[in-house]
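Chains, contacts and geometry: an overview
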Amino acid sequence: MKVRKKRNAAETLGKGWRGSRARARSAGMIGPLALAMVGCIGFHGAASAQDASAAPAPDVETVVVTGSQIQRSGFEAPTPMTTVSEKELQLKAVVNISSLQYDIPEFKPQQDVSNNAAPIGGANLDLRGLGPTRTLVLLDGRRLEASNPVGGIDVSLIPGALVNRVEIVTGGASAAYGSDAVSGVVNISLDNKFEGLKAQAQYGQTGYDDVKEADLSGAWGTSFAGGRGHLVVAADVYNNTGENNEGSRPWGAKNGCLLINPKNSTSGPITATNIIATGCTWSQMTDGGLIDSGVAKGTAFGVGGTPYPFQYGQYVGVFWQQGGGGGSEQGQANIFPKERRDVGYGRLTYDFNENITGYVDVLYAHETGFYHLVSNYDNGTLTIHNDNAFLPTAIKNEMAGAGQTTFLYGRSGIDGGFGGNYSAQNDGRYAAGLEGVFGDGWSWDAHAQISRNQYYATVPNNRIQANWLNAVDSVINPATGQPVCRSTLANPNNGCVPADVFGINMVSPASIAYYEGTSWTREEQSQNDYAVNLRGNPFSIWAGPVSVATGFEYRSETIDGTSDPISLASGWRSVNQQPINGAVNVKEGYVETVIPLANDYSWAKLLEVNAAARVTDYSTSGTVETWKVGLNYMPIDDLRLRGTISHDIRAPTINELFSGQNTTLNQPVTDPFNNNRQSLVLQLNGGNPALRPEISDTRTFGLVYQPSYLPGLRTSIDYYNINIAGAITTTPVQTIIQDCFLGQTIFCPLITRDPVTQTITKVQATLINSQTLKTSGVDFEMDYDFPVDDWFKGTGGDLDFRVLGTYVDHLISINNNVAIDNAGQVMSGVPHWRVNIGATYTNEPYTFSVLVRNVQGGLYNATYVQGVDINNNNISGRTYVDLSTSYDYDEHWTFYARGVNVFDVDPPLVPQNFSLANAAQSPYYDRLGARWMAGIRMRY
């Protein structure tokens, strides 16, 4: 008879409910969830040893569970939680924890290409679509320092070779862990007791022969000093070639865009204000240049400076048109950044005696990345004078006949090369701690942790605006009869080299060298964290022992950054990173308790209350309190009801407090002061030292059902409701303009206009505590794990069937008393439904798995009216199929392969209104296409 293999605790709890109530009770963990009552510090710390009096069952290891500082199994927790085991991580061929954001519907996927201010390829986790800064990320239960100046935690910098479990708590947990746990907590657990040697080599690429990734990782662990000491080390090397050609995909080759309908006589039959279209080209520039005003409007310049009539298409907007003779940089739109990552980790543990254990660990990572930026284009914004040295004589004469002295001109700037963003960062975390037990079931731990981050970024082929404008404004030198910069006549030693902008590749290399260069920024961050925690069961009452946890923490953070001199003067065309300097310290304390109220009664197999409270003092904003109350109730053995209410916070990041004014180009706006004229403006964003912590109230209610009549079946359903007041946000540029128009004069000084044309050129949008965020919905999970023989005799093997789903009812943002529900909006919101259905069949030595991922479609923009504001506001959904398999050659070697999006399903057309059309910008849909990976694992 075939004996079914026993699971260890990580696998047993790996679906979020696995475990046994009877087993947990025998281990002395009768249901504890607790209340944290604060003082002045808080521990985010690794739950260490179990109560001394709790002897675990032989096949259950101690489990660190987020959401509570009191140790217990995931099955016992009142807060909804999903766990991914090491076995599942291996089956998914995970080399980066961030890839789980596509497999866990509660996560909002983060695009793989960062904005101009952030590191490239940063793998941040975002629960509920509320932003990565509202998701607390822990490593072995300890808080991680932000790995970049924007404030995100890059989970790709964690050594994948040692990850043995990922725990995801989808509910507020600030009372237990402090700031940032507004939408939930992700705890990444490492196997620090690993013995032996293991290694993995993996290679993958897309079906388009790009985004080629190679990963090599390994770990080694050994005991010494008669088993009192243990050493484990791990390393990970990862490289990805990336891909910057959106046009290499069938959907990208369609040149999709979002264009603004001019609604004039030259437009087509569509009357909506915005048009999602294909076949888009530039409407006000070409590679060689295009005259956009005056008597010669519509004259373009080609190879050798030859003029030709520009072909206009339909719906000629401020940037795009459909059809026509304009160009496009679709072929340079990024799909995935180029990345290189090297990670090293080591931990030394030593048992001083049977009651006290000490440890030292080090995590170090180096990461580089690169992605393309657009060329230094001028979208009909250059002013050309009639005495320009390179202007063809025929056009000069035409202007003279019309009495015209200047015209507006557009040019892609491609002869100066494409821009790019290169970043490099070094991250180091160094920690030492003690943990132990004493008395009757008491445990304690203390740690000191120092984190350092160095970040460096450059933008090659950036343009110095003043030099560029000087080079363009050329005249004939009356003394020599040769072209010269007008500015040179007044300042002969200014070094200006005139630029011939009339034609493709007509600008000389000397001129390009004069007006282009490399901007850079360098920043250093540090965090020092000290914490101590105490846990135990001080006494028992009628229903069992009362569990208590308490702790204190002190944390200090600093940031110091500078940039090149031209950036300091905001002289570059883009990415003028400004200096950032600041410091903040935090003191906090908490207390948490679990009180059992009933145990094995006829009306209650289990009833307990979990409560926590925390007091936190910030050097920048003062003192705040957080709290949590949870209830666990089992009326019968098969059913558990659970619920929590919590009062949580998110403190502003050090970047949000102290960053300087940074620039974002080409924000489309409509000017109500100027007959709703549409234009692209420069947006300035910066920090605000007066920011206060966000305040959040969270409620979760649900049930877990495990029918005894069908062993292996587990189901859960949970409702959540999160309300965040005083959310930190940047007021949208259009809102600033509109509110100024409506008489809110406080916004008017933030708007800069051209003194001649009165066109808006710049809007300053500073961070403020002005937004309210509300989200609610339902999570559900079902897992059925059973021997196939139970249903099909003589078949053999085990089948694990799992369903994970999320329904988002509301995701409301309120700004200036205007509420927008972004649920069902696939661009900047979240779809209503995301459901993943998976099945894994194991019959040693083979394992086969299939995962079907469905992302519901939705609206392009929740504020748009179909046919009025946009021609097509409905974005269709997508279903993806992933396949995995592995073969255990023997106990030491395993071969595996995986295919993602194996049917190469294209994303829907969801474009943004930028010069790189970026035709598929919703983060929920697969942009890479079918991709395949294979590897080998070794373990001795």
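Basis of the calculations
- Residues numbered from 1 in each chain as written.
- Predicted model: local features only at pLDDT ≥ 70, side-chain atom pairs only at ≥ 80, totals over all residues.
- Heavy atoms only, no water.
- Salt bridge = Lys/Arg side-chain N within 4 Å of Asp/Glu carboxyl O.
- Helix = DSSP H or I, 4+ residues; strand = E, 2+ residues; numbered from the N terminus.
- Buried < 20%, exposed > 50% of the residue type's maximum accessible area, 1.4 Å probe, protein only.
- Patch = residues over 30% accessible without salt bridge, like charges linked within 9 Å, V, L, I, M, F, W, Y side chains within 5 Å.
- Areas by Shrake-Rupley, 256 points an atom, 1.4 Å probe, with all protein chains shown as cover.
- Disulfide = S-S within 2.5 Å.
- Pairing = 2+ DSSP bridges.
- Phe/Tyr/Trp six-rings, centres within 6.5 Å; stacked < 30°, edge-to-face > 60°.
- Lys NZ or Arg CZ within 6 Å of the ring centre and 35° of its normal.
- pLDDT = per-residue confidence, 0-100.
- Contact = heavy atoms within 4.5 Å.
- Arc of directions from axis to C-beta.
- Core = buried A, V, L, I, M, F, W, Y, C linked by side-chain atoms within 4.5 Å.

Now for the pattern of salt bridges. Inspection of every chain in the model, using the stated rule, returns 36 salt bridges. For K92, the salt bridge is made with D103, and the minimal N-O distance between the two is 3.3 Å. Of this pair, K92 sits in the loop between helix 3 (86-91) and strand 2 (135-139) while D103 sits in the loop between helix 3 and strand 2, and the two are eleven residues apart along the sequence. Across the pair, exposure class does not vary: K92 and D103 are buried alike. Three or more residues are tied together by salt bridges with common partners; here these are K92, D103, R853, D882 and R898.

A surface patch of nonpolar side chains, amounting to about 640 Å² of accessible area, comprises F224, L348, V360, V362, Y364, Y430, I450 and Y530. Tracing the chain through its elements places Y530 in strand 24 (residues 516-541). Y530 sits in the partly exposed class, given a relative accessible area of 35%.

Let's shift gears to the state of the cysteines. Should the sulfur atoms of two cysteines be covalently bonded, the bond is a disulfide. Using the criterion set out here, one finds three disulfides in the structure. For C257, the disulfide goes to C280, at an S-S distance of 2.1 Å. For the disulfide bridge between C257 and C280, the dihedral angle about the S-S bond is near -75°, and by the sign convention the bridge is left-handed. Highlighted residues: C257 in strand 9 (residues 257-260) and C280 in strand 11 (residues 280-282), separated in sequence by 23 residues.

Strand pairing in a sheet relies on backbone hydrogen bonds. The paired strands run either parallel or antiparallel. Strand order across the open sheet formed by five strands is 1-4-5-2-3, with mixed pairing between neighbours. The open sheet has two edge strands, strand 1 (81-85) and strand 3 (142-143), and neither has a second partner. The sheet contact formed by strand 4 (residues 163-169) and strand 5 (residues 184-190) spans six bridges and is antiparallel. Bridged to V169 within strand 5 is V185.

Let's shift gears to the packing of aromatic side chains. Counted by the stated rule, this structure contains 21 aromatic pairs. Ring centres of F310 and Y312 lie 4.8 Å apart, and the angle between their planes is 80°; on these two criteria the pair is classed as edge-to-face. A connected cluster of aromatic rings, assembled from ring pairs, spans F301, F407, Y409 and F502. Sitting above the plane of the Y720 ring, R128 keeps its charged end 3.6 Å from the centroid. The positively charged end of K198 is found above the aromatic ring belonging to F194, 4.9 Å away from the centroid.

As a further point, take the confidence of the model for the chain. On average, residues of the chain score 86 in pLDDT, and 89% of them reach the 70 mark or higher. Scored below 50 in pLDDT, residues 1-66 makes 266 contacts in the model with residues more than four places away or belonging to other chains. In this model, residues 112-119 is a region of pLDDT below 50 whose contacts with residues beyond four sequence positions or in other chains number 29 contacts.

Among the residues making up helix 6 (residues 465-472), those that are buried are N467, W468, A471 and V472. Relative to the axis of helix 6, the buried residues are bounded by an arc of 130° and lie together on one face. Structurally, helix 6 contributes buried residues whose contacts are with strand 18 (378-385), strand 21 (442-463), strand 22 (474-476), strand 23 (483-485) and helix 8 (509-515).

All right, on to the nonpolar core then. By size, the foremost hydrophobic cluster in this structure holds 34 residues, and its most contacted members are V166 and I188. Those elements giving two or more residues to this core turn out to be strand 2, strand 4, strand 5, strand 8 (229-240), strand 16 (338-351) and strand 17 (356-375). In this structure I188 touches I97, V137, L138, L139, D140, V155, I158, V163 and R165, once residues within four positions along its chain are discounted.

Peptide bonds are mostly trans, and most non-glycine residues show a negative phi. Along the chain, E844 connects to P845 via a cis peptide bond; the corresponding omega equals 15°. Note that P845 resides in the loop between strand 38 (833-843) and strand 39 (846-855). Even without being glycine, Y315 reaches a positive phi, approximately 55°. For Y315, the location among the structural elements is in the loop between strand 14 (307-309) and strand 15 (320-322). Classification of Y315 as buried rests on a relative accessible area of 2%. Unusually for a residue other than glycine, Q758 sits at a positive phi of about 65°. Looking at the element boundaries, Q758 is found in the loop between strand 34 (751-753) and strand 35 (760-787).

As judged from the 19 bridges shared by strand 24 and strand 25 (residues 544-563), these two strands associate in the antiparallel manner. Residue E524 lies in a different strand from strand 25, and its bridge partner there is D560. Hairpin connection between strand 24 and strand 25: a loop of two residues separates the two successive antiparallel strands. Bridge count between strand 25 and strand 26 (residues 580-599): 15 bridges; the pairing is antiparallel. Across the sheet, V548 pairs through a bridge with T593, a residue of strand 26.

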